[in-house]
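# Inside the fold
As a plain string of letters, each chain reads:
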Amino acid sequence: MVSLPLLFLTTVLLIAAAYDLLFHKIPNYLTYSTMIGGVFYYTHLKGLEGLLFSVGGIGLGMAFLIIPFLMGGMGAGDVKLMGAVGGLLGPKGVFIAFLLTAVIGGIYALVLLTLHGHLKEMAKRCVTYLKTFIFTQKFTSPSSPEKGEKLKLRYGLAIALGTFISTALDIKI
């Protein structure tokens, strides 16, 4: 039997992924209402323990993606969506969802690079980066070429797929 939070989360993730693909953003009303709903639901269900479960999941979920956001690698909606996932799955659940999201996101990025013919170029830049580090012991990134449009990963889709897989597999840690 599917639980109410899991059904709600599935609906939210489907909407978020669709918005991200169509409009390149994830709406605040969706992420914030999910976080608030998770906090209220678990607090009502388990009191202080439920409150800590949900708030801990929100904090951890957002913490996973805050650095990539601050570095310009993703949007704030992605960070808040991972927080919303944490609000309903708790710290352990969002940890597993994040790990699978990262794997899905990596595969998704490789597919996009391949489809747009940038994989070989990216591999060359990575080799240059490694050589630079090996010979100079400095972390410097080779400049990225300014040809064509920049590829944009719609990470809401990766978050949705990673979370779906984690809940379907029901992995325990």
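Here we summarise the structure given alongside this text. Every residue gets a number counted from 1 within its own chain, in the order that chain's sequence is written. A pLDDT threshold of at least 70 governs which residues receive local features in this predicted model, and a stricter bar of 80 or more applies before side-chain atom pairs are shown or counted, although totals over entire chains, interfaces and linings include all residues. As a rule here, side-chain values cover all heavy atoms of the structure and leave hydrogens and water aside.

## Here's the deal with the packing of helix 4 (residues 76-115) against helix 6 (residues 155-169)
Test applied: For helices, the fitted axis covers only the stretch in contact; all axes are lines through C-alpha atoms, and the angles between them, taken along N-to-C directions, range from 0 to 180 degrees. Helix and strand definitions follow DSSP, with helices as H or I runs of at least four residues and strands as E runs of at least two, each counted in order from the N terminus. Note on angle classes: values under 35 degrees are labelled roughly parallel, values over 145 roughly antiparallel, values of 65 to 115 roughly perpendicular, and the remainder oblique. The nonpolar class holds Ala, Val, Leu, Ile, Met, Phe, Trp, Tyr, Cys and Pro. Asp, Glu, Lys and Arg form the charged class, and all remaining residues, Gly among them, are polar.
Where helix 4 contacts helix 6, the axes come no closer than 6 Å and their chain directions differ by 110°. For the element pair helix 4 / helix 6, the angle class is roughly perpendicular. A per-class count over the contact of helix 4 with helix 6 returns 16 nonpolar, seven polar and one charged.

## A short note on the nonpolar core
Convention followed: The nonpolar core is taken to be a set of buried Ala, Val, Leu, Ile, Met, Phe, Trp, Tyr and Cys residues, with the residues joined through side-chain atoms within 4.5 Å. The buried label goes to any residue with under 20% of its type's maximum accessible area, the exposed label to any with over 50%, and the partly exposed label to all in between, with areas taken from a 1.4 Å probe on protein chains only. Contacts are assigned to residue pairs with any non-hydrogen atoms lying within 4.5 Å of each other.
Leu13, Leu65, Leu81, Met82, Val85 and Ile159 are the most contacted members of the largest nonpolar core, which has 25 residues in total. Of all the elements in the fold, those that place two or more residues in this core are helix 1 (4-23), helix 2 (28-46), helix 3 (48-70), helix 4 and helix 6. Top element by residues in this core is helix 4. It accounts for 10 residues. Residue contacts for Val85: discarding those within four places in its chain leaves Leu9, Leu13, Gly90, Val94, Ala97, Ile159 and Thr163.

## Observations regarding the side chain of Thr101
One can find Thr101 in helix 4. For Thr101, a relative accessible area of 0% corresponds to the buried category. Setting aside chain neighbours within four positions, we find Thr101 in contact with Met82, Tyr155, Ala158, Ile159, Gly162 and Thr163.

## Looking at helix 6
Which entries qualify depends on this criterion: To estimate how far a helix should reach, multiply one less than its number of residues by 1.5 Å.
Taking 1.5 Å of rise per residue, the 15 residues of helix 6 would be expected to cover 21 Å, and the 21 Å separating its terminal C-alpha atoms lies within 8% of that figure. Residues of helix 6 that are buried: Tyr155, Gly156, Ala158, Ile159, Ala160, Gly162, Thr163 and Ser166. The inward-facing, buried residues of helix 6 abut helix 1, helix 3 and helix 4. Asp170 occupies a position one or two residues after helix 6 and carries a positive phi of about 50°.

## Topic: the environment of Gly86
Here Gly86 shows up in helix 4. Between the alpha carbons of Gly86 and Gly57 there is a distance of 3.8 Å; along the sequence they are 29 residues apart. Residues contacting Gly86, with those up to four places away along its chain left out, are Phe53, Ser54, Gly57, Ile58 and Val94.

## Observations concerning the packing of helix 2 against helix 3
Two quantities define a packed helix pair, namely the angle between the helix axes and the distance between the axes. Test applied: Should the near helix be turned counterclockwise from the far one by less than a right angle, the crossing is left-handed, whereas a clockwise turn marks it as right-handed.
At a closest axis distance of 6 Å, the pairing of helix 2 and helix 3 adopts a crossing angle of 155°. Between helix 2 and helix 3, the angle falls in the class roughly antiparallel. Considering the relative orientation of helix 2 and helix 3, their crossing is right-handed. On the side of helix 2, the interface is formed by Met35, Gly38, Val39, Tyr42, Thr43 and Lys46, while helix 3 contributes Leu48, Glu49, Gly50, Leu51, Phe53, Ser54, Val55, Ile58 and Met62. Here the residues of the contact of helix 2 with helix 3 sort into nine nonpolar, four polar and two charged.

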